[in-house]
Amino acid sequence: MTLKLKKLSALVIGGALSSVAGTAMAASEVVEQSFYPYKMNTPEFAGLTPGMVIDKSNVEQFKDVIDPAYYDFISSGMTSITVGETTSFGLHENYVKATEEGLGKVKLGEKVGEISGWVAGRPFPEEPDMNDPRAGEKLAWNYKYGYNWGDSASIYPFYWQYRDLESAKVERTIKFNFHFLNFKGRVNHEPKPEITPNPSDLFRATYAMVLEPSDVRNTQLLIHRSMDDLKRDNSWLYLGFQRRVRRLATGQVTDAFLGSDIMIEDFEGYNGRVSDMKWTYKGTRNVLMPFYNHNDLELDSEIHQDDDGYQMVAFSGKGGCFPNITWQLRKVYELEAEPVSDSHPLSKRIHFIDAQTFTIPRTISYDRKGDMWKSFTIGQAHPDHHLPMNKGSGVSIDDSFSMVDIQANHCTTGQFKGVIDPSLSPVTKFNTQYMRASGS
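The rules behind each value
Residues numbered from 1 in each chain as written. Predicted model: local features only at pLDDT ≥ 70, side-chain atom pairs only at ≥ 80, totals over all residues. Heavy atoms only, no water. Helix = DSSP H or I, 4+ residues; strand = E, 2+ residues; numbered from the N terminus. Rg over C-alpha atoms; globule rule 2.2 N^0.38 Å. Buried < 20%, exposed > 50% of the residue type's maximum accessible area, 1.4 Å probe, protein only. Contact = heavy atoms within 4.5 Å. Pairing = 2+ DSSP bridges. 1 Å grid on protein atoms, 1.4 Å probe; cavity = no way out; pocket = protein on both sides within 12 Å on 5 of 7 lines; lining within 4 Å. Points joined across faces, edges and corners; volume = space filled by probe spheres on them. Disulfide = S-S within 2.5 Å. Salt bridge = Lys/Arg side-chain N within 4 Å of Asp/Glu carboxyl O.

A. Quick peek at the overall build of the protein. Within the protein, the regular secondary structure consists of five helices and 20 strands. The C-alpha radius of gyration computed for the protein amounts to 23 Å, which stays within 12% of the reference 22 Å derived for 440 residues, consistent with globular compactness. The C-alpha extent of the protein, read off along each of the three principal axes, is 90 × 55 × 45 Å. When each of the 440 residues of the protein is scored for burial, the buried share is 55%. Pairs at least 24 apart in sequence give 63% of the contacts found in the protein among residues at least 6 apart.

Dropping the structure here:
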């Protein structure tokens with residue numbers, strides 16, 4: 001080979017290697033920015049400082065960083081917000097690694113609800129683009145395939161209280177256990193990346209059982225979500241007084257669950273199929289969100305104290321409908337979800353999705369006339385400041401909730417203990433045979 005050819009070859013090879021290195025660096029930066037948005041910059045807003053309280057006397061100053069429903073609550077004197085320091089809620093490194101390995105391999109299909117190439121991790125870690133007509137759909141997939149509760153977890157126990165917003169009367173208290181299990185996309189607990197055999201090709205399952213009071217004791221709910229988003233969920237309800245399992249009709253997931261202010265479709269922020277909604281990305285904002293260190297809060301020392309000394313989040317404000325927590329200024333994706341079905345009781349939901357964790361800590365629901373109807377808050381606790389067994393799990397812990405029915409002046413609140421322990425959620429728990437055996 002001549003000297004000229006050798007130089008040319010070296011230039012070509014060097015250029016190719018530089019291109020590969022540049023692509024790898026760019027890919028790494030995409031993942032880095034998605035999972036660690038506060039590494040270089042922390043969100044700021046004029047006059048907002050950790051430790052301050054936002055109430056009706058100063059809420060107007062901070063209107064731009066408060067969602068519309070909470071602004072109304074604060075301005076009317078129903079509640080206030082204590083500001084906390086913005087901190088990183090880093091997800092488990094195995095989930096981040098799975099995202100890197102899948103980068104660029106995941107594609108949307110022709111129809112909403114069709115996707116290919118996903119194995120595990122966040123399917124679309126790139127920043128959403130307002131010029132992309134399917135940006136909202138990609139955010140919905142990031143939520144569905146998110147690390148909420150990790151590979152499996154339990155809420156053990158879980159107290160719901162039904163409250164009158166005007167009188168503050170607690171009308172009913174229901175005690176549950178909830179369990180969650182991912183069949184696919186598993187990154188931390190064996191078997192990985194999926195549980196086999198899986199003849200129904202399930203993606204995820206949810207199981208709940210009522211422990212108290214006696215009139216609904218042994219009521220159980222089981223939800224099977226298919227890997228194929230175009231297939232409807234299979235859901236079953238076991239009613240203790242009937243002693244039989246019955247399949248839930250499609251419309252029942254949007255009914256009030258056990259007389260509460262919550263639909264089954266509301267669970268975890270949104271508990272439905274991607275294909276059930278028209279998704280519209282409305283923009284990226286810095287918004288105050290319910291993120292905190294559980295162990296640093298003034299907790300409820302009077303009721304629901306667990307045997308191991310664990311105390312749950314306390315509630316106050318009008319009707320006792322608002323959690324006593326701190327709120328962080330965080331990067332948020334605003335996502336509109338409009339039901340495809342004309343028979344749906346909502347005209348839309350506005351989800352405020354946390355950009356780092358892809359949990360949905362704030363949702364505002366609108367009735368079919370377009371009026372604000374319900375406000376859903378799911379408090380997010382850092383796993384390293386919670387139960388000792390949750391430390392290092394990389395799971396943003398759902399730790400409290402409040403669903404306020406603005407029109408009915410009513411609310412349902414949730415106090416619970418989230419546990420990242422796979423032994424509490426074995427595969428055998430997620431079938432109808434288990435429901436029958438547990439209810440007998």
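B. Representation of the pairing of strand β8 (residues 220-226) within the structure. Across the seven residues of β8, seven count as buried, placing the element largely inside the fold. Of the two faces of β8, the one holding Q220, L222, H224 and S226 and the one holding L221, I223 and R225 are both buried throughout. Bridging between β8 and strand β9 (residues 234-239) involves five bridges; their strand directions are antiparallel. By the bridge assignment for β9, H224 is matched with N234.

C. Up close: empty space enclosed by the protein. Considering all chains together, one arrives at three cavities of 30 Å³ or more under this definition. Considered as a void within the structure, the largest cavity measures approximately 220 Å³ in volume. Forming the boundary of the largest cavity are 18 residues, of which Y143, K144, R204, R225 and Y270 lie nearest the centre. Contributions of two or more residues to the lining of the largest cavity are made by α4 (135-144) and β7 (202-212). Top contributing element to the lining of the largest cavity by residue count: α4, with three residues. Each pocket or cavity is described by its volume, and for the second largest cavity that value is around 170 Å³.

D. Representation of the state of the cysteines. Per the counting criterion, the structure on display carries one disulfide. Each disulfide pairs two cysteine sulfurs, and for C321 the partner residue is C411, the sulfurs being separated by 2.1 Å. Handedness here is read from the sign of the S-S torsion; for C321 and C411, about -80°, the answer is left-handed. One end of the pair, C321, is in the loop between β13 (315-316) and β14 (322-323); the other, C411, is in strand β20 (residues 410-419), and 90 residues separate them in sequence.

E. Seen up close, the pattern of salt bridges. Counted by the stated rule, this structure contains 20 salt bridges. With a shortest N-O distance of 2.8 Å, R134 and E137 are connected by a salt bridge. R134 gets classed as partly exposed once you look at its relative accessible area, which sits at 23%. On the basis of relative accessible area, E137 is assigned to the buried category, the value being 4%. Via salt bridges that share partners, R232, R273 and D276 belong to a single interconnected network.

F. Summary view of α4. Burial analysis of α4 places nine of its 10 residues in the buried class, the great majority of the element. Looking only at α4, the buried set comprises A135, G136, E137, L139, A140, W141, N142, Y143 and K144.

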